[in-house]
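# Chain and residue survey
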Amino acid sequence: MDPTVPRPESRRPLQYLLNPAIVAGLVLGVCLGSTWWLWRNASADAAQGLQADFDFRVRELVNGIAQRMQTYEQVLYGVQGLYISSDFVDRDEFHRYLDSQHLNQHFPGIQGVGYMRLVGGAQLDAHVLAVRRDGFPDYTVHPDGARAQYAPIVYIEPFSGTNLKAFGFDPLSDPVRRVALERARDSGLPSLTGRIRLVQEDGGGPGAEQAGFLLVLPVYSNAQPQQTLEQRRAALTGWVYAPFRIGDVMAGLGGERAAKLDVEIYDGDELAVARRMYDSQPGPPQPGMRHTVQKISLAGHRWTLRISGLPGSGVGAERDSKVQLIGGAGVVLSAVLAALAWLLARSSLRARRALSRARQLADELKEGQASLLAMADSAQRSQAVLRSILDSTVDGILVDNFDGAVLNSNRRFRELWNVPEHLDWAQDGALLLQQVAEQVAQPSVFLAAVARRLRENDVQHELLHLRDGRVIEQFTRGLRLGSAPARLWSFRDITERTQSEVREQTRRQVLELLATGAPLQTILDSVVRGVEDGHPELLCAVLLLDEDGSRLQVRAAPSLPPVLCAAMDGQPVNEPQGYCGQAVQLGRRVIVADLAGDPLWSQYRDVARQAGVQACWSEPIRAASGAMLGSFAIFHRAAQAPSVAQLALMEQASRLAGIAIEQAQGAVALRAGEARFRSLYDHAPVALWQQDWSAVRAALAELVQSGVDDVPAWLRANPSQVARLAGLVRITDVNAAALAQVGAPPGSKDASALTLAQNFDSAAMDAFARALGALAQGAHLFACEGSFERLDGVQRLNELTLLVMPGHTNSLDFVIVSTLDITERKRMNDELLVLATTDFLTGLPNRREFMARLDDEQARLQRDISEQGAVLMLDLDHFKRVNDEYGHATGDAVLRHLAALMRDSQRKIDTLGRVGGEEFAVLLPGADMPAALAFAERLRQRIAGTPLQVDGRALSVTVSIGIAALDPADASGDAALVRADKALYCAKRAGRNRVEQFAPGAACEEAGGQA
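Along each chain, residue indices are assigned from 1 in the same order as the chain's sequence is written. Totals for whole chains, interfaces and linings use all residues, but because this is a predicted model, local features are given only for residues with pLDDT of at least 70 and pairs of side-chain atoms are given and counted only at 80 or more. For side-chain calculations, the full set of non-hydrogen atoms in the structure is used, while hydrogens and water are omitted.

By the naming in an unreviewed UniProt entry, the protein chain goes by diguanylate cyclase and is assigned to Pseudoduganella aquatica. UniProt positions are given in the numbering used here, feature names are shortened, and annotations may be inferred rather than shown by experiment. Word for word, the UniProt comment on the protein chain under Catalytic activity (unreviewed entry) is "2 GTP = 3',3'-c-di-GMP + 2 diphosphate". Annotation of the protein chain in UniProt includes, under Subcellular location (unreviewed entry), the sentence "Membrane".

Okay, here's the thing in structure tokens:
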């Protein structure tokens, strides 16, 4: 192509667009636009994420405050329950109850729990005198002053420290406290005071004193009704309360998340400094920070929370560093890309110009190259083919005659024998052969082959061991070149193959020794001899660290002179002039090519000379984890550095030694571990059983093959087959705790008398079936409860845990079962359940248990509105007169007499209960109002007609009964009980010893509610 021909005009606009300035400007504009878009989206996402995080922290903190205050309310409800369950709570009973609650441990922030007794103004002196008689001669009600009512604090726990200041204090004297006390009195609910200063504050300074508040709960007389406001005010006997310091309440609340917020708490709805109760970060809020105002109602009182983020907390107003990084990095990257685009465009422009010039020169050279190639091709072809063949072979080739003249050699030969470039081997063949002989460990073998004259086609084979550790396979063949005899030498490097064979032989021998449990000394000797056998000029030793890792001990050196072994044994690792300790200390290979001139051997040159060694090479021996085990040392009789092959040999030998050492140490550790496990197993305090379930597994497999798809369902449907499968379980081993649990003789270790009945007896086959079904489906762990039979025939309860050992899931031939005798625990749980749900005097269900069953019946009616039921309230007539005239013992006998008559009259589905002092209740499931009236009348008549015999006299007992129907529309069963109670008061007002049915709007209903 003629270079003078112009390019098409259509390409010029494209070349103009590839101008460096235009390309750089376009790249810069696109990158900056992309950066701005990413920065804007990242800013919006970061702001949204920070706001969401802030809102979450605020919600978490507010919920934490509400939950903590609910916890405090539950504490007061518990104390209120103490007063409800007893007619009178004395100081010791109050102390014992609260001491068992461990307030400081379970309820942080609470200062104590106390009781305020309501005292009328006329009874103040009598109250003070009574408290002083109880052991408090200095007791007085403070502050002084005449008031219509007093509420002095008579009990407070813990009764020590600053709480003593509150003893005798009258909260009704303070307007803020009085508001909360009256609100609690009228509502019957917990009430929170406003911001106050606790009387417990000791005035330790501005930093020590905190704002405080009280949480109060009213206590009413058990004998008086509490349905209306007037009734609650009349029945009030006092308040239980808990004082709090706001700082202690907030301590630790919200954890690490709340620590990044500035929290201010104000009493009421106003954010006024005078109403501030708490400020986690004193001082004005930081401007520009995220903040929110939350209002929370606690026990009838309102708090206002102002919550702000803190600088540097990640929830403030600071800009996210990632957003700034995106913007900065985007600008920098845009500039870099624009610069690169400019450089590439400029380079492309220069390349196009250079290409045009190159085309011109190439066309000029083509004609000259064609003529020169044609002339040289024929002359070089034959020589190139021969040289190419020789140089491409993997063997070193040398051709000489028997007069010492070298005729030819290839590149591989010169590489194998390290022939210097300056050596003129073509002029002096004897010098080349001498160069080869000097590298052979036994030159006589090679020189004998040189002197040997071969006839045509005679072949000789030798193995040459070089001084640098390589192994060369040598073939010599006689031939004839023209009329003159000649010889062809072929050399092949078989070092790797030889070393592989040696390594494989040594490795096989070491593995055989490891498999047979040979001592470590024998195994290491085998490793050393495997190296020395193929390299007679080398002497090897294995040195291992002692237990504390400070010294090296010679563990294997079969060929090393004793004088050198003695000098090496016990050598400190950190000694500056050491042998193989340097390799261990530095963690790398240490090569000493000439012991006579190396400073590390300055103190031991005489020992080395006496041992006949002049070089030492040390390789660290490491474990698979990288831990240092010792050193593999090779001593050479000549002063020289190791070759590449010898370095590889040394590294492989040290690795094999490390494997052998780790395997030997692992075997020792395994045996020790097995012994420890056996000791732990035998002496474990938990009963352990080793069992073989493989026969059961095979039986289940036969079931599956016979067409049973759902094995657990089949086991449930065939209980007789479960017992048969249980008989296939074989107990292979037990520990002492298991034998003791089943009543085996002390010291006995015979497990032959044990069967699966000592884990699952006949009554626990259902639990065995569930365990078998779980294990058959591949479960590794199963826990259940059941019963077992001791060897003496006694049946006990147990808790079992079955563990299939790893690797035995399919066969189930190794199952570990741990059992725990829970008979006594079950008995105690049953007794506790009876105590918690039964009235101790009458044996009837107590109020809590009765209310639970009433709620269950109410839930049943709500599920099936066609069902019906009724509830009865019974009250002994003139029971107070019985206690006053005959004494409390007779009163208790009357209560037991009534309970016995009620039991004789009830149906199996009915529920009886003692819900108050002389109040009883009866739940009649499925009964309509006529049936309930008939039952109540029969019960009333029987009670009236069955007097109680007291000291030979007949004591007439009558009851008044109120009846109400259960209504599915009620929220709970308590509503029906309230209606029955109103009907009961109607019966009382109508003359007692009668039955009344609840009727809305009855004349006695309102009066009964106020009674």
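## Here we look at the sheet that holds strand β13 (residues 406–409)
Ordered in space as β13-β12-β16-β15-β14, the five strands form an open sheet in which the pairing is antiparallel. Only two strands of the sheet have a single neighbouring strand rather than two, namely β13 and β14 (459–465). Averaged over all adjacent pairs, the angle separating strand axes in this sheet is 20°, with direction ignored. Pairing between strands requires that DSSP locate at least two bridges from one strand to the other. Only DSSP runs of H or I reaching four residues or more are called helices, and only runs of E reaching two or more are called strands; each is numbered from the N terminus. Summarising the sheet, strand β12 (residues 396–400) and strand β16 (residues 484–493) pair through five bridges and their orientation is antiparallel. Residue pairing across strands places I397 opposite S490, the latter belonging to β16. To get an axis, a line is fitted to the C-alpha atoms, and for a helix only the part in contact is used. The angle between two axes follows their N-to-C directions and goes from 0 to 180 degrees.

## A short note on the pattern of salt bridges
A side chain of one charge can pair with a side chain of the opposite charge if their charged atoms are brought near each other. A pair is scored as a salt bridge if a Lys or Arg side-chain nitrogen falls within 4 Å of a carboxyl oxygen belonging to Asp or Glu. Applying the stated rule across the entire model yields 38 salt bridges. Note that E201 and R245 form a salt bridge whose closest N and O atoms lie 3.0 Å from each other. Linking E201 in the loop between β5 (191–192) and β6 (212–220) with R245 in strand β7 (residues 236–245), this pair joins segments that are 44 residues apart in sequence. R245 shares its class with E201; the two are buried. For the salt bridge of R302 with D269, the shortest nitrogen-to-oxygen distance reads 3.5 Å. With R302 in strand β11 (residues 301–309) and D269 in the loop between β8 (261–267) and β9 (276–279), the pair connects residues that are 33 residues apart, well separated along the chain. Summary of the burial criterion: residues with accessible area below 20% of their type's maximum are buried, those above 50% are exposed, and those between are partly exposed, where the area comes from a 1.4 Å probe applied to protein chains only. Judged by its relative accessible area of 33%, R302 is partly exposed. For D269, a relative accessible area of 47% puts it in the partly exposed group. Each member of the salt-bridge network shares a partner with another, and the members are R589, E619, E651 and R655.

## Describing the side chain of R91
The residue R91 is located in helix α3 (residues 91–101) in this model. Under the counting rule used here, the positive set is Lys and Arg, the negative set is Asp and Glu, and His together with the chain ends is not counted. Look at R91: it is buried, it has no salt bridge, and the nearest opposite charge is D134 at 5.0 Å. Within 3.5 Å is the distance limit for a polar contact, defined as a pair of N or O atoms, with the added protein rule that one can donate a hydrogen and the other accept it, and that residues adjacent in sequence qualify only through two side-chain atoms. Here the side chain of R91 touches V154 through a polar contact of 2.7 Å, landing on its backbone oxygen. The criterion used for residue contact is that any of the two residues' heavy atoms lie within 4.5 Å. Filtering out sequence-adjacent residues up to four positions away, R91 remains in contact with V131, F136, V154, Y155 and F167.

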